[in-house]
Amino acid sequence: MIAAAGVAAAALICLDPGHGTPPAIGQQTEPIGPGSHVLKIKDGGGAHGEAAVALAIAKRARGLLLARGYRVAMTRTGPTIRLGNGDGNIARAKFCNRRHAALMIRIHADGSPDRTLHGVSTLVPAWHRGWTDDIYRPSLRAGRAVQKAAVAATGAFDRGIVRRSDLTGFNWADVPAVLVETGFLSNPNDARLLHTGPYQQRVARGLANGAAAFVGLPRA
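### Here we look at the overall build of the protein chain
Reasoning step 1: When helices and strands are counted, the protein chain shows 8 helices and 8 strands.
Reasoning step 2: Relative to the 2.2 N^0.38 estimate, which gives 17 Å for 220 residues, the radius of gyration of the protein chain is 16 Å and therefore close to what a compact globule would have.
Reasoning step 3: The dimensions of the protein chain, computed from C-alpha atoms along their principal axes, are 45 × 40 × 30 Å.
Reasoning step 4: For the protein chain, buried positions account for 53% of its 220 residues.
Reasoning step 5: Taking the contacts inside the protein chain whose residues are at least 6 apart along the sequence as the reference set, 77% of them involve residues at least 24 apart.
Reasoning step 6: If you sum the accessible surface of the protein chain, you get close to 9700 Å²; carbon and sulfur atoms cover 56% of it.
Reasoning step 7: Looking at charge distribution, the protein chain has the averaged site of its 27 positive side-chain charges lying 7 Å from that of its 14 negative ones.

### Here we look at the sheet that holds strand β4 (residues 71–74)
Each strand in a sheet pairs with its neighbour through backbone hydrogen bonds, running either in the same direction (parallel) or in the opposite one (antiparallel).
Reasoning step 1: Taken together, 6 strands build an open sheet; the order of strands is β4-β1-β5-β8-β6-β7 and the sheet is mixed. Only two strands of the sheet have a single neighbouring strand rather than two, namely β4 and β7 (158–164). Between one strand and the next, the sheet's axes are offset by a mean angle of 25 degrees, whatever the strand orientation.
Reasoning step 2: Strands β5 (103–110), β6 (120–125), β7 and β8 (177–184) of the sheet are contacted by helix α5 (residues 136–154), whose axis makes an angle of about 170 degrees with β6.
Reasoning step 3: Relative to the sheet, helix α8 (residues 197–215) contacts β1 (12–17), β5 and β8, its axis offset from that of β5 by approximately 150 degrees.

### With respect to the packing of α5 against α8
Reasoning step 1: Viewed as axis vectors pointing N to C, α5 and α8 meet at an angle of 145 degrees, and their least axial separation amounts to 7 Å. The handedness of the crossing between α5 and α8 comes out as right-handed. Of the residues in α8, those in contact with Pro-138, Arg-141, Ala-142, Ala-145, Val-146, Ala-149, Ala-150, Ala-153 and Thr-154 of α5 are Tyr-199, Arg-202, Val-203, Arg-205, Gly-206, Leu-207, Asn-209, Gly-210, Ala-211, Ala-213 and Phe-214.
Reasoning step 2: Its residues placed into classes, the contact of α5 with α8 shows 13 nonpolar, 4 polar and 3 charged.

### Some remarks on the packing of aromatic side chains
Reasoning step 1: Following the criterion strictly, the structure yields 0 aromatic pairs and no others.
Reasoning step 2: Directly above the ring of Phe-95 sits Arg-99, whose terminal nitrogen or CZ lies 3.7 Å from the centroid.
Reasoning step 3: For the cation-ring pair, Arg-106 lies above Phe-170, with the distance from its terminal atom to the ring centre recorded as 5.4 Å.

### Focus: the side chain of Ser-36
Reasoning step 1: Looking at where Ser-36 falls in the secondary structure, it is placed in the loop between β2 (29–31) and β3 (39–41).
Reasoning step 2: Of note is the side chain of Ser-36, whose polar atom sits 2.9 Å from the backbone nitrogen of Val-38.
Reasoning step 3: If we skip the residues at most four places from it in the chain, Ser-36 touches Pro-31 and Trp-131.

### Notes on the state of the cysteines
Reasoning step 1: One pass over the structure, following the stated rule, counts 1 disulfide.
Reasoning step 2: Bridging Cys-14 to Cys-96, the disulfide has an S-S length of 2.1 Å. The chirality of the disulfide connecting Cys-14 with Cys-96 is left-handed, given an S-S dihedral of about -70 degrees. Of this pair, Cys-14 sits in strand β1 while Cys-96 sits in helix α4 (residues 89–98), and the two are 82 residues apart along the sequence.

### As for the packing of helix α3 (residues 50–67) against α8
Reasoning step 1: As a packed pair, α3 and α8 sit with axes 8 Å apart at the nearest point and diverge in direction by 50 degrees. By the criterion of interaxial angle, the relationship of α3 to α8 is oblique. In terms of crossing hand, the pair formed by α3 and α8 is right-handed. Packed against α3, whose contacting residues are Ala-56, Ile-57, Arg-60, Ala-61, Leu-64 and Leu-65, the element α8 presents Gly-197, Gln-200, Gln-201, Val-203, Ala-204, Arg-205, Leu-207, Ala-208 and Ala-211 at the interface.
Reasoning step 2: For the contact of α3 with α8, the residue count by class is 10 nonpolar, 3 polar and 2 charged.

### Notes on α4
Reasoning step 1: With respect to burial, α4 is a largely interior element, 8 of its 10 residues being buried.
Reasoning step 2: Every buried residue belonging to α4 is among Asn-89, Ile-90, Ala-91, Arg-92, Ala-93, Phe-95, Cys-96 and Asn-97, and all of these are buried.
Reasoning step 3: Of the residues one or two after α4, His-100 is the one with positive phi, at around 50 degrees.

Quick notes on the rules
- Residues numbered from 1 in each chain as written.
- Predicted model: local features only at pLDDT ≥ 70, side-chain atom pairs only at ≥ 80, totals over all residues.
- Heavy atoms only, no water.
- Helix = DSSP H or I, 4+ residues; strand = E, 2+ residues; numbered from the N terminus.
- Rg over C-alpha atoms; globule rule 2.2 N^0.38 Å.
- Buried < 20%, exposed > 50% of the residue type's maximum accessible area, 1.4 Å probe, protein only.
- Contact = heavy atoms within 4.5 Å.
- Areas by Shrake-Rupley, 256 points an atom, 1.4 Å probe, with all protein chains shown as cover.
- Lys, Arg positive; Asp, Glu negative; His and termini not counted.
- Charge placed at Lys NZ, Arg CZ, Asp CG, Glu CD.
- Pairing = 2+ DSSP bridges.
- Axes fitted to C-alpha atoms, helices over the stretch in contact; angles between N-to-C directions.
- Left-handed = near helix turned anticlockwise from the far one by under 90°.
- Nonpolar A, V, L, I, M, F, W, Y, C, P; charged D, E, K, R; others polar.
- Phe/Tyr/Trp six-rings, centres within 6.5 Å; stacked < 30°, edge-to-face > 60°.
- Lys NZ or Arg CZ within 6 Å of the ring centre and 35° of its normal.
- Polar contact = N/O pair within 3.5 Å; in protein donor to acceptor, adjacent residues only side chain to side chain.
- Disulfide = S-S within 2.5 Å.
- Parallel < 35°, antiparallel > 145°, perpendicular 65-115°, else oblique.

Here it is as C-alpha cells:
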C-alpha cells in the first residue's frame, strides 16, 4: 500500500483557469463531443473580468496544492492561453488527459442579468454514452467534494451541483472533471470579494481541500 505522501506525490491536479482565449480564436467552432456534428464556439469570453479572476484563483490553488505534495499542471499561467491544438476546450481537456490527471478543475465565475444571484456552484458532466460514461461517477463524486469544500472555505451561498451535457471541456475529458463557478461577477458583493486577494485565497483553499478529499488524502 502506497503511503499517503507517496500518493500525494503521484497525484496530478490539472487546473484550467477559464477563458483567456484571443477573440479571433474564441469565435471559432469545434465539435461539442467526439464524433459529433454539433459545433460550439471555443470561448465566448466569459463575464467581464472573469479570465483574470480565474487565473488569480488558479495560481493560489496551485501554490496550496504544491505545498501539500501534489503535482500541478495549468492550462494557462498567463492572460492568454497558448496550448496549440486549436486552443479551445478540446485542447484544454486533452492537455489534462495527456497528463493522466487525478482531477481536472475548471475555474470560472458566473454572470447573469439578474444581479441578485450569488453564490458558488459546481458543474459536473451529465452521463452520455461514449463521451462521459467513463468519468461520470468519479466526476460527480469530485464535484460534491469540491462544492462542499468551497462553500465551507468561503461561506458563500451553496448553489449545489449542476449536471451539464453541453460543455465541450467535459465531453472530451478522459479524466474526472468539474467546473467551479466561484461566484457571480454580475453580483456587486460577489464581484467585490472575487477581486480581493484574501477571498481568492479562501476560494483556492476550498478547491485544494476538495481535490484532497476526492483523491483520498487527509487535508493539511
